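What follows is each chain in one-letter form.
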Amino acid sequence: MEQTQTKRIVLGITGGIAAYKAAELARLLVKQGISVQVAMTEAACHFITPATMQALTGRPVLVDQWDAADNGMAHIAASRVAEAIVIAPATADFIAKLAHGLADDLLSTMCLARDCPLLVAPAMNKQMWANAATQRNVRQLIADGVQVLGPDSGVQACGEEGMGRMLEAEQLVKDIMDFLRNGKSAGTVSPIPDISVRAHEKEPSQPQTRKLSGKKILITAGPTYEAIDTVRGITNRSSGKMGYAIAQAALEMGAQVTLISGPTAITKPQGAQAVDVQSAAQMFDAVKQHLAGCDIFISVAAVADYRVAHPSAQKIKKGSGNLTLELEPNPDILAYVANLPNPPFCVGFAAESENLAEYAEQKRRAKKLPLLVGNLVQQAIGSDDNELVLFDDSGRQTLPRADKLTLARLLMQRIAQRKKGALQ
Ligand code: C5P
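Conventions adopted
- Residues numbered from 1 in each chain as written.
- Predicted model: local features only at pLDDT ≥ 70, side-chain atom pairs only at ≥ 80, totals over all residues.
- Heavy atoms only, no water.
- Pairing = 2+ DSSP bridges.
- Helix = DSSP H or I, 4+ residues; strand = E, 2+ residues; numbered from the N terminus.
- Salt bridge = Lys/Arg side-chain N within 4 Å of Asp/Glu carboxyl O.
- Buried < 20%, exposed > 50% of the residue type's maximum accessible area, 1.4 Å probe, protein only.
- Near = heavy atom within 4 Å.
- Polar contact = N/O pair within 3.5 Å; in protein donor to acceptor, adjacent residues only side chain to side chain.
- Nonpolar A, V, L, I, M, F, W, Y, C, P; charged D, E, K, R; others polar.
- Axes fitted to C-alpha atoms, helices over the stretch in contact; angles between N-to-C directions.
- Parallel < 35°, antiparallel > 145°, perpendicular 65-115°, else oblique.
- Left-handed = near helix turned anticlockwise from the far one by under 90°.
- Contact = heavy atoms within 4.5 Å.
- Right-handed = clockwise from strand over helix to strand, strands pointing away.
- Phe/Tyr/Trp six-rings, centres within 6.5 Å; stacked < 30°, edge-to-face > 60°.
- Lys NZ or Arg CZ within 6 Å of the ring centre and 35° of its normal.

Student: What should I look at first to understand the sheet that holds strand E4 (residues 118-122) in this one?
Tutor: Backbone hydrogen bonds hold the strands of a sheet together, and the pairing may be parallel or antiparallel. With respect to topology, five strands assemble into an open sheet ordered E2-E1-E3-E4-E5, the strand pairing being parallel. Each having just a single partner strand, strand E2 (35-40) and strand E5 (147-148) make up the two edges of the open sheet. Two strands pair when backbone bridges link them, and strand E1 (residues 8-13) and strand E3 (residues 84-90) are joined in this way by four bridges, in the parallel orientation. Pairing of glycine 12 across the sheet is with isoleucine 87, part of E3.

So, in structure tokens, the structure goes:
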């Protein structure tokens with residue numbers, strides 16, 4: 001008889017040669033005491049039979065969306081009692097479906113109708129993995145909060161060698177068990193760099209390692225909002241995208257992330273401890289509150305330099321004459337942290353509209369930062385892409401134009417390299 005505390009997962013198998021590894025994965029999960037409900041696409045049944053999966057899991061396999069099981073509602077019922085859906089292997093085609101919300105068979109409908117987390121383990125030929133469409137789709141899944149496990153690089157079924165092999169069953173079990181324990185996967189997420197950036201930057205092609213495992217990272221992001229009265233305020237143009245992408249990249253590398261954010265309209269990365277604030281003063285308080293034990297502080301927020309000295313408790317009525325507002329300076333949060341007796345490794349951002357190198361380097365020295373990341377406001381604000389210039393004691397280095405998550409991953413790798421000795 002099944003115990004009530006037994007963890008359940010849905011194991012979705014899609015049609016790739018790595019489907020044979022799903023048998024071992026199911027066997028190992030069952031061995032860990034997990035109740036595994038297998039759902040297969042029709043294509044998957046060409047690679048491995050439902051009978052095999054049923055024998056390994058002790059449960060009938062779901063394949064046909066027109067099956068009368070669960071009153072024809074298997075696509076709803078299965079995920080309602082599951083802790084997570086794990087798609088292994090996830091083909092390029094299935095990833096594309098997930099990214100676009102298609103639901104034309106039982107498994108894709110189940111994913112769309114789920115109320116539980118989704119983990120996917122991609123498996124495909126290296127060119128399919130490197131294809132811009134797949135890269136775009138995987139980025140979309142990550143942005144949607146899906147955990148992407150792998151892929152790995154190595155010899156492929158087709159005889160070619162490269163990125164796209166599904167992770168081995170043992171590794172997937174480890175990641176899934178970590179996920180079930182901690183709510184996020186232990187992480188064997190591969191880097192998803194823009195190919196041109198990768199060629200230029202000579203990024204390693206092996207899977208992203210958890211170089212920041214156990215490290216505590218505090219990130220500020222988004223704008224601050226300084227009230228003038230109950231309905232009006234002063235703010236900076238900032239979407240929060242760069243800061244959130246950095247939080248996502250740090251999570252992928254195993255860090256414990258606290259994300260202190262001003263008002264934005266975007267979704268926070270899953271797994272970060274989120275703290276919402278409005279004003280610079282509130283952001284300053286939140287930073288001080290979460291600073292203890294922090295290894296790295298990354299200040300991406302566009303903090304308003306000034307606040308209204310006397311905000312009105314009532315809506316200010318329109319008059320015919322000029323209105324003068326008295327502004328007073330906000331505290332410089334980053335300068336405060338960087339100048340503490342034992343500061344964490346501090347990274348600042350500078351958005352400039354001109355003379356980027358000169359102003360950024362000036363700011364780095366003034367705030368005593370080991371690393372400052374500069375970008376041009378014309379290229380950065382609100383955009384999905386950006387170009388970053390890193391300033392440190394050894395000079396400057398450009399991370400060429402790419403989407404913000406790719407840049408965030410490259411930046412976090414640089415930061416982890418810089419801190420390797422000190423953080424270990
Ligand atoms: O506004 P400024 O260009 O000086 O910002 C440079 C860096 O300082 C950014 O990383 C920003 O997040 C941080 N900053 C801050 N508090 C302020 C102003 C800026 O933490 N009041």
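Student: Looking at this structure, how should I read the pattern of salt bridges?
Tutor: Two side chains of opposite charge can pair, provided their charged atoms sit close to one another. If you walk through the whole model with that rule in mind, you get 19 salt bridges. Between aspartate 105 and lysine 97 there is a salt bridge, with the nearest N and O atoms lying 3.5 Å from each other. Of the two residues, aspartate 105 and lysine 97, both sit in the buried class. The salt bridge partner of glutamate 352 is lysine 363, with a shortest N-O separation of 2.7 Å. Of the two residues, glutamate 352 sits in strand E16 (residues 345-352) while lysine 363 sits in helix H13 (residues 356-367), which places them eleven residues apart along the sequence. Put simply, Glu361, Arg364, Arg365 and Asp393 are held in one network by salt bridges that share partners.

Student: How should the site of the ligand be read in this particular structure?
Tutor: The environment of the ligand is formed by Ser299, Ala301, Val303, Asp305, Pro331, Asp332, Ile333, Leu334, Gly348, Phe349, Lys363 and Lys367. In the environment of the ligand, an oxygen atom lies 2.5 Å from a nitrogen or oxygen atom belonging to the backbone of serine 299. A distance of 2.9 Å separates an oxygen atom of the ligand from a polar atom in the backbone of leucine 334. Split into classes, the residues belonging to the shell around the ligand amount to six nonpolar, two polar and four charged.

Student: It is not clear to me how the packing of helix H4 (residues 92-100) against helix H7 (residues 132-143) should be interpreted in this structure. Could you clarify?
Tutor: Axis angle and axis distance: for two packed helices, these are the angle between their axes and the distance between the axes, and together they describe the pair. Close contact between H4 and H7 brings their axes to 9 Å; oriented N to C, the two are set at 50°. By the angle between their directions, the pair H4 and H7 is classed as oblique. Handedness of the H4/H7 crossing: left-handed. Contacts between H4 and H7 pair Ala92, Ile95, Ala96, Leu98, Ala99 and His100 from the former with Thr134, Asn137, Val138, Gln140 and Leu141 from the latter. Split into classes, the residues belonging to the contact of H4 with H7 amount to seven nonpolar, four polar and no charged.

Student: Just to check I follow, could you spell out the side chain of asparagine 137 for this structure?
Tutor: Relative to the helices and strands, asparagine 137 resides in helix H7. A polar side-chain atom of asparagine 137 sits 3.2 Å from a polar atom in the side chain of histidine 100. Aside from chain neighbours lying at most four places away, what touches asparagine 137 is Ile95, Ala96, Ala99 and His100.

Student: How should the pairing of strand E17 (residues 371-376) be read in this particular structure?
Tutor: The two faces of the sheet receive side chains in turn, since in a regular strand these alternate between them. Burial of E17 is extensive: five of the six residues sit out of reach of the surface. Taken together, the six bridges between E16 and E17 define a ladder with parallel strand orientation. Of the residues in E17, the one forming a bridge with alanine 350 is glycine 374. In terms of handedness, the path from E16 via H13 over to E17 forms a crossover that is right-handed.

Student: Explain the packing of aromatic side chains to me, please; I cannot follow it from the model alone.
Tutor: Any two aromatic rings considered together are summarised by their centre-to-centre distance and by the angle between their planes. The full count for this structure, using the stated rule, is one aromatic pair. Relative to tyrosine 336, the ring of phenylalanine 284 lies with its centre 5.0 Å away and its plane at 85°, an arrangement referred to as edge-to-face. Residue phenylalanine 284 is located in helix H11 (residues 280-290), and its partner tyrosine 336 is located in helix H12 (residues 333-338); the two are separated by 52 residues in the primary sequence. A relative accessible area of 13% places phenylalanine 284 in the buried class. Sitting above the plane of the phenylalanine 284 ring, lysine 288 keeps its charged end 4.0 Å from the centroid. Over the ring of tyrosine 336 we find lysine 288; its NZ or CZ atom is 5.7 Å from the centre of that ring.

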